[in-house]
2 protein chains.
Amino acid sequence: MELNTYLEEYARLLVYSGLNVKPGQVVVCRAPVETVELVRKVVKKAYEKGASNVLVKYNDEVVSHERYKNAKDSVFENVYEHDICFLNDTAKEKACYLTLVGDDPDLMSDVDPKRMSTYSKVFRSKTKYWRKQLDFMECQWCIGAVATPAWAKKVYPELNENEALEKLWKAIFEMTRIHGDSVQNWEKHKQSFEKKVQLLNEMKIQSFHYQNSLGTDLIVEMPKGYIFAGGGSFLNDGTYYFPNMPTEEVFSCPKRSGVHGKLVASLPLCHNGAMIEDFYFVFENGKVVDFDAKKGKEVLQSILDTDEGSKYLGEIAFVPYGSPISLLNTIFYETLIDENASCHFALGTSYAECIEGGLEMSEEELLAHEANQSFTHVDFMVGTDDLSIVAKCEDGKEVPIFVNGKYTQLFD
Amino acid sequence: MELNTYLEEYARLLVYSGLNVKPGQVVVCRAPVETVELVRKVVKKAYEKGASNVLVKYNDEVVSHERYKNAKDSVFENVYEHDICFLNDTAKEKACYLTLVGDDPDLMSDVDPKRMSTYSKVFRSKTKYWRKQLDFMECQWCIGAVATPAWAKKVYPELNENEALEKLWKAIFEMTRIHGDSVQNWEKHKQSFEKKVQLLNEMKIQSFHYQNSLGTDLIVEMPKGYIFAGGGSFLNDGTYYFPNMPTEEVFSCPKRSGVHGKLVASLPLCHNGAMIEDFYFVFENGKVVDFDAKKGKEVLQSILDTDEGSKYLGEIAFVPYGSPISLLNTIFYETLIDENASCHFALGTSYAECIEGGLEMSEEELLAHEANQSFTHVDFMVGTDDLSIVAKCEDGKEVPIFVNGKYTQLFD
């Protein structure tokens, strides 16, 4: 593998397809300090695409870890004005935001979680303007993955650092379709999303029936006005961008009270560093009424105990068996990637954009429309190579959506 | 050389002696993105010394270079609020500032210098509060050097990148006295400065007479109320810190109109990437009335033509032949280091702190006190192994200061 050539093409993809930088736009790039080489290529590509300025902010997770371990408490109760300004001011000039992630999944395991949640809460409240510009489609954003030594060693513990790093880069290039003209590859990818999303939204689906040999036999009803989404997003001015690279999922919001039957996970779940393996749930009228796990049952229990909403599903997502990530058959300990490996659900809160008018609704209104609300959102995988999903439409017709873990011909 | 051990000791020195971080203080560290390893050690040491928080800002000179080449003009006419806040707000809480430098000396040579000077001017004007806290001894600061690949290749072009990098680190460790207990070494270093500065300030010197075999034969008069400085500085609360690491010079301000005779440079001068070699000046009543250079005469001419003040001396500095840097016999293309290699002078502006009450004087008042004023300040080296400097005191006594390029026993 000629790493340099791939990095070059990856940088091009992130700038041209991921962000789709507009001429004259400011580009903000936040990245781990370990990935200088890629960042410099991104910067060059951004100016090539017409950026007026590119601001790079390197973060060093080891420095953050030292801070969480050693700084005084008040440090986490306040956010520096300069950190707030950085996001809010650039959002005011409608910058676009590239965030490269490659965290060591284990690094923060010895940190007081209260410090992290306190800081993150204050930070979110102070950067509301920035977030709003993103949520209301005024600024593009894209999250991409970068291989870093510590992360690579976690994913491939059997390899030495260099081998692990190379293998992780290779996996990232595979799942982001870096071969030939990658921008063209994502244009095709986009079209395949559009077709699926359009079909699912037009079918007026009442419920899905999931079945596979692991023992899954589940009915998932859909709320009125459900919206399937997937692939990229449109800014208000029509600019198309991909918030996530990779992305394979087509997702929506299930009817909170409309989930019935048994759901068996097909992959382990890593939650805050702890593993949950071989687990299942039984739902009645949307709520988990029984569950078990061969490993990590107490972790699963703690997830379900978060609040009332964490006992209900908030997301339904389709990913075909045989997608680039699923073929790698690897746990990456990074949601950006792992949630695109397989058909999945999430316990906890739903996305407001997945229900008609949802972006304008309060939490109470969303709940009244059967879109689940919770402080948490935990994805878990259910896809197998023999999964079948059949949709039942309002007119009573039954339409196979997945056969043997993949979309039926209808979606080709 | 066990790089890791040396880096550890260097980090300790920068934190304990350079900054002398106070318990509960915020530490700001600005560093090239190439020097993550050292920065992480500095962060650990800073918390160990009691820092309440350590803020790290990595800069990437390649990204800056791309910006200077490609961004739109208006980018350089404005400074982002977040960049201003970062310095001014931390200065408000009396943080201390570690700046690590390791620039590629050639990188910016193809950049429009107007863009750089425009930005730097706006930046300086917006961060006055921060600068004032530093200048008026409220916040410690320390500039240290770090080896980076591009810089190392410039200093040692005959070596490959890894060898050059290792050799540059070795040189940095040598010149910063990293052997045994380096903090203790700097305590001794401090004491030797104190003695020299005290003696020179008490001697009531009227003039110095410089002579060596290169042809230097120069009288330099001193203004009334001259102050020699060198080594570290005291904050208003008594905290002692070293603004520069390395530092060897003891310096003051010559009498603007009191320089007479011939001054021959002993080392080439690199000015904005251009070399000036084998050059000399002839002074009459302080002003350069003749000069020549075997190479780069036109560059020297352009320096002298900057303004009226650039034709006069603004700094006189003593560095003994045989100091760690002079023994390396290398041009580092970095003022922090090069100005500590040898006895030197500077054409151009003087330091206000080198004259009694100077920090409270206007430019006009400084000039009236014979402290030269100019937009520029260009150091050049004059020390040789046979340089002699004799001081003539107000009482008529003649006291040898340097013999054979080194301080006389008086200063031991």
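Quick look at the structure, then. Computed from a predicted structure; not experimentally measured.

### Overview of the overall build of chain A
Right, so step 1: In terms of regular secondary structure, chain A is built from 13 helices and 21 strands.
Right, so step 2: A compact globule built from 412 residues would reach a C-alpha radius of gyration of about 22 Å, and chain A, at 21 Å, matches this within 12%.
Right, so step 3: With respect to the three principal axes, the spread of C-alpha positions in chain A is 55 × 45 × 45 Å.
Right, so step 4: Across the 412 residues of chain A, 55% fall into the buried class.
Right, so step 5: For chain A, the proportion of contacts with a sequence separation of at least 24, taken over those separated by at least 6, is 74%.
Right, so step 6: On chain A, roughly 17,700 Å² of surface is accessible, and the fraction owed to carbon and sulfur atoms is 49%.
Right, so step 7: Mean positive and mean negative side-chain charge positions of chain A (44 and 63 charges, respectively) differ by 3 Å.

### Structural notes on the sheet that holds strand β1 (residues 26-32) of chain B
All names here are of chain B.
Right, so step 1: Strand order across the open sheet formed by 5 strands is β2-β1-β3-β4-β10, with parallel pairing between neighbours. If you trace the sheet from one side to the other, it starts and ends with β2 (53-59) and β10 (244-245), each paired once.
Right, so step 2: Running over the sheet, helix α2 (residues 36-48) touches β1, β2 and β3 (96-101) and is turned about 165 degrees from β2.

### Quick word on the nonpolar core
Right, so step 1: Formed by 118 residues in total, the largest nonpolar core has its most connected members in Leu38(A), Phe332(A) and Leu38(B).
Right, so step 2: The residues contacting Leu38(A), other than those within four sequence positions of it, are Leu7(A), Tyr10(A), Ala11(A), Leu14(A), Leu100(A), Val146(A) and Trp169(A).

### Side note on the pattern of salt bridges
Right, so step 1: Counted under the stated rule, the structure contains 40 salt bridges over all chains.
Right, so step 2: Residue Arg115(A) pairs with Asp73(A) through a salt bridge whose shortest N-O separation is 2.9 Å. Here Arg115(A) is found in helix α5 (residues 113-126), whereas its partner Asp73(A) is found in the loop between α3 (61-70) and α4 (81-92), with 42 residues between them in sequence.
Right, so step 3: Accessibility expressed as a relative area gives 49% for Asp73(A), which makes it partly exposed.
Right, so step 4: The partner of Lys190(B) in a salt bridge is Glu194(B), and the shortest N-O contact between them spans 3.9 Å. Of this pair, Lys190(B) and Glu194(B) both sit in helix α9 (residues 182-202), 4 residues apart, which is roughly one turn of the helix.
Right, so step 5: Using a relative accessible area of 15% as the deciding quantity, one classes Lys190(B) as buried.
Right, so step 6: Glu194(B) gets classed as partly exposed once you look at its relative accessible area, which sits at 35%.
Right, so step 7: Shared partners join several salt bridges into a network, and the residues in it are Glu8(A), Lys41(A), Lys45(A) and Glu48(A).

### A few points about the interface of chain B and chain A
Right, so step 1: Listed as interface residues are 31 residues of chain B and, on the opposing side, 31 residues of chain A.
Right, so step 2: Here chain B packs against chain A, burying approximately 2,800 Å² in sum over the two surfaces, 61% of which is carbon and sulfur.
Right, so step 3: Its largest share of buried area at the contact with chain A, chain B owes to Arg40(B), Tyr80(B) and His82(B), together 22% of the area lost on that side.
Right, so step 4: Counting across the chain B and chain A interface gives 6 salt bridges.
Right, so step 5: Our enumeration of links across chain B and chain A arrives at 16 residue pairs in polar contact (both at pLDDT 80 or more).
Right, so step 6: Elements with a contribution of two residues or more to the side of chain B that touches chain A: α2, β2, α3 (61-70) and α4 (81-92) of chain B.
Right, so step 7: Sort the elements by how many residues they give to the side of chain B that touches chain A and α4(B) lands first, with 6 residues.
Right, so step 8: In terms of residue class, the side of chain B that touches chain A is built from 16 nonpolar, 5 polar and 10 charged.

### Description of the side chain of Arg115(A)
Residue and element names in this part refer to chain A.
Right, so step 1: Arg115 sits in the buried class, given a relative accessible area of 13%.
Right, so step 2: A polar atom in the side chain of Arg115 sits 2.9 Å from the side chain of Asp73.
Right, so step 3: The contacts of Arg115, once residues within four sequence positions are left out, are Arg67, Tyr68, Lys69, Asn70, Ala71, Lys72, Asp73 and Phe76.

### Description of the relation of the copies chain B and chain A
Both copies of the chain are related through a single rotation about an axis accompanied by a shift along the same axis.
Right, so step 1: Once turned by 180 degrees and shifted 0.0 Å along the axis, chain B lies on chain A with an RMSD of 0.1 Å. In symmetry terms, the pair is related by a two-fold rotation axis. Across chain B, the smallest distance between a C-alpha and the rotation axis is recorded for His82(B), namely 2.1 Å.
Right, so step 2: Both copies share a contact surface, since 100% of the interface residues of chain B are interface residues in chain A too.

### What to know about the pairing of strand β16 (residues 313-318) of chain A
All names here are of chain A.
Right, so step 1: The element β16 is largely enclosed, with a buried count of 6 among its 6 residues.
Right, so step 2: Bridge count for strand β11 (residues 250-252) against β16 is 3 bridges, and the pairing is antiparallel. Note that in β16 the partner of Ser252 across the bridge is Ile316.
Right, so step 3: Of the pairings in the sheet, the one linking β16 to strand β17 (residues 344-348) comprises 4 bridges and is antiparallel in character. What sits directly across from Ala317, in β17, is His344.

### A closer look at helix α2 (residues 36-48) of chain A
Residue pairs three or four apart in sequence face the same way in an α-helix, which turns once every 3.6 residues.
Right, so step 1: In this model, α2(A) (13 residues) spans 18 Å end to end at C-alpha, consistent with the 18 Å of a helix rising 1.5 Å per residue.
Right, so step 2: Tucked inside the fold, the buried residues of α2(A) contact α1 (3-19), β1 (26-32), β2 (53-59), β3 (96-101) and α8 (161-175) of chain A together with α3 of chain B.
Right, so step 3: Immediately downstream of α2(A), the backbone of Gly50(A) shows phi near 105 degrees, a positive value.

### Quick word on the packing of aromatic side chains
Right, so step 1: Taken as a whole and judged by the stated rule, the model has 46 aromatic pairs over all chains.
Right, so step 2: With a centroid separation of 5.6 Å and an interplanar angle of 70 degrees, the aromatic rings of Phe251(A) and Tyr351(A) are classed as edge-to-face. Residue Phe251(A) is located in strand β11, and its partner Tyr351(A) is located in the loop between β17 and α13 (363-368); the two are separated by 100 residues in the primary sequence.
Right, so step 3: On the accessibility criterion, Tyr351(A) (31% relative accessible area) is partly exposed.
Right, so step 4: Arranged with centres 5.3 Å apart and planes meeting at 80 degrees, the rings of Phe208(B) and Phe318(B) form a pair that is edge-to-face.

### Remarks on the packing of α4(A) against α4(B)
Right, so step 1: Contact geometry of α4(A) with α4(B) gives a least axis separation of 8 Å together with a crossing angle of 180 degrees. By the angle class used here, α4(A) and α4(B) are roughly antiparallel. On the side of α4(A), the interface is formed by Glu81(A), His82(A), Cys85(A), Phe86(A) and Asp89(A), while α4(B) contributes Glu81(B), His82(B), Cys85(B), Phe86(B) and Asp89(B).
Right, so step 2: For the contact of α4(A) with α4(B), the per-class residue count stands at 4 nonpolar, 2 polar and 4 charged.

### Quick word on the pairing of strand β20 (residues 398-403) of chain B
Regular strands place their side chains on alternate faces of the sheet.
Residues and elements named next belong to chain B.
Right, so step 1: With 4 bridges connecting them, strand β19 (residues 388-393) and β20 associate as antiparallel partners. Bridge pairing links Ile389 to Phe402 in β20.
Right, so step 2: Taken together, β19 and the strand that follows it, β20, pair antiparallel across an intervening segment of 4 residues, in which Gly396 is found at a positive phi of about 90 degrees.
Right, so step 3: Here β20 runs beside strand β21 (residues 406-407); their pairing, made up of 2 bridges, is antiparallel.

Definitions and cut-offs
Residues numbered from 1 in each chain as written. Chains lettered and ligands numbered in written order. Predicted model: local features only at pLDDT ≥ 70, side-chain atom pairs only at ≥ 80, totals over all residues. Heavy atoms only, no water. Helix = DSSP H or I, 4+ residues; strand = E, 2+ residues; numbered from the N terminus. Rg over C-alpha atoms; globule rule 2.2 N^0.38 Å. Buried < 20%, exposed > 50% of the residue type's maximum accessible area, 1.4 Å probe, protein only. Contact = heavy atoms within 4.5 Å. Areas by Shrake-Rupley, 256 points an atom, 1.4 Å probe, with all protein chains shown as cover. Lys, Arg positive; Asp, Glu negative; His and termini not counted. Charge placed at Lys NZ, Arg CZ, Asp CG, Glu CD. Pairing = 2+ DSSP bridges. Axes fitted to C-alpha atoms, helices over the stretch in contact; angles between N-to-C directions. Core = buried A, V, L, I, M, F, W, Y, C linked by side-chain atoms within 4.5 Å. Salt bridge = Lys/Arg side-chain N within 4 Å of Asp/Glu carboxyl O. Buried area = accessible area lost by both parts, 1.4 Å probe. Polar contact = N/O pair within 3.5 Å; in protein donor to acceptor, adjacent residues only side chain to side chain. Nonpolar A, V, L, I, M, F, W, Y, C, P; charged D, E, K, R; others polar. Least-squares fit on C-alpha atoms with pLDDT ≥ 70 in both. Expected span 1.5 Å × (residues − 1). Phe/Tyr/Trp six-rings, centres within 6.5 Å; stacked < 30°, edge-to-face > 60°. Parallel < 35°, antiparallel > 145°, perpendicular 65-115°, else oblique.

Limitation: the analysis is restricted to geometry and does not speak to function.
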